[in-house]
Amino acid sequence: DTGVSQNPRHKITKRGQNVTFRCDPISEHNRLYWYRQTLGQGPEFLTYFQNEAQLEKSRLLSDRFSAERPKGSFSTLEIQRTEQGDSAMYLCASSSPRGGPGYGYTFGSGTRLTVV
Amino acid sequence: RKEVEQDPGPFNVPEGATVAFNCTYSNSASQSFFWYRQDCRKEPKLLMSVYSSGNEDGRFTAQLNRASQYISLLIRDSKLSDSATYLCVVNTGGADGLTFGKGTHLIIQP
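Note that the structure is a prediction, hence the values are computed from the model and not measured.

Definitions and limits used
Residues numbered from 1 in each chain as written. Chains lettered and ligands numbered in written order. Predicted model: local features only at pLDDT ≥ 70, side-chain atom pairs only at ≥ 80, totals over all residues. Heavy atoms only, no water. Helix = DSSP H or I, 4+ residues; strand = E, 2+ residues; numbered from the N terminus. Rg over C-alpha atoms; globule rule 2.2 N^0.38 Å. Buried < 20%, exposed > 50% of the residue type's maximum accessible area, 1.4 Å probe, protein only. Areas by Shrake-Rupley, 256 points an atom, 1.4 Å probe, with all protein chains shown as cover. Lys, Arg positive; Asp, Glu negative; His and termini not counted. Charge placed at Lys NZ, Arg CZ, Asp CG, Glu CD. Pairing = 2+ DSSP bridges. Axes fitted to C-alpha atoms, helices over the stretch in contact; angles between N-to-C directions. Salt bridge = Lys/Arg side-chain N within 4 Å of Asp/Glu carboxyl O. Contact = heavy atoms within 4.5 Å. Phe/Tyr/Trp six-rings, centres within 6.5 Å; stacked < 30°, edge-to-face > 60°. Lys NZ or Arg CZ within 6 Å of the ring centre and 35° of its normal.

K.L.:
Please set out the overall build of chain B residue by residue, giving values where relevant.
P.N.:
Broken down by element type, chain B carries 0 helices and 11 strands. Along chain B, helices and strands appear, N-terminal first, in the series β-β-β-β-β-β-β-β-β-β-β. In terms of overall size, chain B behaves like a compact globule, its C-alpha atoms giving a radius of gyration of 13 Å where 110 residues would be expected to give roughly 13 Å. When its C-alpha atoms are laid out on the principal axes, chain B stretches across 40 × 30 × 20 Å. Split into buried and exposed, the 110 residues of chain B put 45% on the buried side. Split by element, the accessible area of chain B, about 5,300 Å² in all, is 47% carbon and sulfur. Across chain B, 11 positive and 11 negative side-chain charges occur, with their mean positions spaced 3 Å apart.

K.L.:
Go over the sheet that holds strand β7 (residues 60–65) of chain B with me, naming the residues and quoting the values.
P.N.:
Residue and element names in this part refer to chain B. Sheet architecture is open: 5 strands sit in the order β1-β3-β8-β7-β6, paired in antiparallel fashion. Both outer strands of the open sheet, β1 (4–6) and β6 (55–57), are each paired with one neighbouring strand and no more. With direction set aside, neighbouring strand axes in the sheet form an average angle of 20°. Sheet analysis places strand β3 (residues 19–25) next to strand β8 (residues 70–75), joined by 6 bridges and oriented antiparallel. Bridge pairing in β8 places Cys 23 opposite Ile 71.

K.L.:
A description of the pattern of salt bridges should follow, citing residues and the corresponding values.
P.N.:
As enumerated under the stated definition, the model contains 7 salt bridges over all chains in all. Between B:Arg59 and B:Asp82 there is a salt bridge; the shortest N-O distance is 2.8 Å. Of this pair, B:Arg59 sits in the loop between β6 and β7 while B:Asp82 sits in the loop between β8 and β9 (84–91), placing them 23 residues apart in sequence. By relative accessible area, which is 22% here, B:Arg59 ends up partly exposed. A relative accessible area of 3% places B:Asp82 in the buried class. Via salt bridges that share partners, A:Arg64, A:Glu83 and A:Asp86 belong to a single interconnected network.

K.L.:
Describe the sheet that holds strand β7 (residues 65–68) of chain A, with residues and values.
P.N.:
All names here are of chain A. Judged by pairing direction, the sheet is antiparallel, and its 4 strands sit side by side in the order β1-β3-β8-β7 without closing on themselves. Whereas interior strands pair on both sides, the edge strands pair on one side only; in this sheet they are β1 (5–7) and β7. Averaged over all neighbouring strand pairs, the angle between strand axes comes to 15°, with direction disregarded. Across 4 bridges, β7 lies against strand β8 (residues 75–79) in antiparallel orientation. Pairing of Glu 68 across the sheet is with Thr 76, part of β8.

K.L.:
Account for the side chain of A:Ser95, with residues named and values stated.
P.N.:
All names here are of chain A. Tracing the chain through its elements places Ser 95 in strand β9 (residues 88–95). Overall, Ser 95 belongs to the buried group, its relative accessible area being 3%. Once residues within four sequence positions are removed from consideration, Ser 95 is found in contact with His 29, Asn 30, Arg 31, Tyr 33, Gly 104 and Tyr 105.

K.L.:
I'd love a proper account of the packing of aromatic side chains, names of residues and values included.
P.N.:
Applying the stated rule across the entire model yields 15 aromatic pairs over all chains. Seen in terms of ring centroids, A:Tyr33 and A:Tyr35 are 6.3 Å apart; in terms of plane orientation they differ by 35°. Their pairing is tilted. Accessibility assignment for this pair places A:Tyr33 and A:Tyr35 in one class, buried. Judged by centre distance (4.6 Å) and plane angle (20°), the rings of A:Tyr33 and A:Tyr48 are stacked. Taken together, the residues span a long stretch of sequence, with A:Tyr33 in strand β4 (residues 31–37) and A:Tyr48 in strand β5 (residues 44–50) at a distance of 15 residues. Grouping residues by exposure puts A:Tyr33 and A:Tyr48 together as buried. Taken together, A:Tyr33, A:Tyr35, A:Phe45, A:Tyr48, A:Tyr105, A:Phe107, B:Phe34, B:Tyr36 and B:Phe100 form an aromatic cluster joined through their ring pairs. Above the face of the A:Phe74 ring, A:Arg22 is positioned so that its terminal group lies 3.9 Å from the ring centre.

K.L.:
Can you explain the pairing of β5(A)? Please cite residues and give values.
P.N.:
Residue and element names in this part refer to chain A. With 5 of its 7 residues buried, β5 lies for the most part within the structure. Note that β4 and β5 share 6 bridges and pair antiparallel. Bridge assignment links Tyr 33 to a residue of β5, and that residue is Tyr 48.

Structure representation (structure tokens):
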């Protein structure tokens, strides 16, 4: 499978627990994005990596959220002390280094988080 | 004002009909434009890019009006399988990537 892979697909956690999600982008893509999508909304930008460098973070990304891409390949998104408002689909996307703003992204299947 | 605005619908359309969606964007510096399709509880998938001259892909036609800052998608001879949410997407070229509308929900009825 050469697409964007995310795991787990689903995560149910109790409020206050920490969770970590993983994204494996398409291998030749150096750009990696995290988005969050809630019901009835379009995906909202969270953060962006070019290779291992985190170049942009949304104001949606509170101090409880941290993302890493240590070797410029896979990325992790951690949420500490989860709250019910964190319940959402977390989507990872990657794009080609040859693509400028005119290129779309390839999304993974997402991780659906439910905080109870 | 939202950066990308769409009518959420739902649009209930009989099979075989033609349906059109519009979307408006607020950032005049936007550089590229797309329509994504999203099925229920699935990830968004690129349907087509939108070019200034307008472009067509089979039954789908996309148009861009930079002066009025709106984008349209036309679906001809609609199929049951076209039922989905259609997301209007804009890229300003900045590091924050793509900006999505909330999507327009389309239901094709037999």
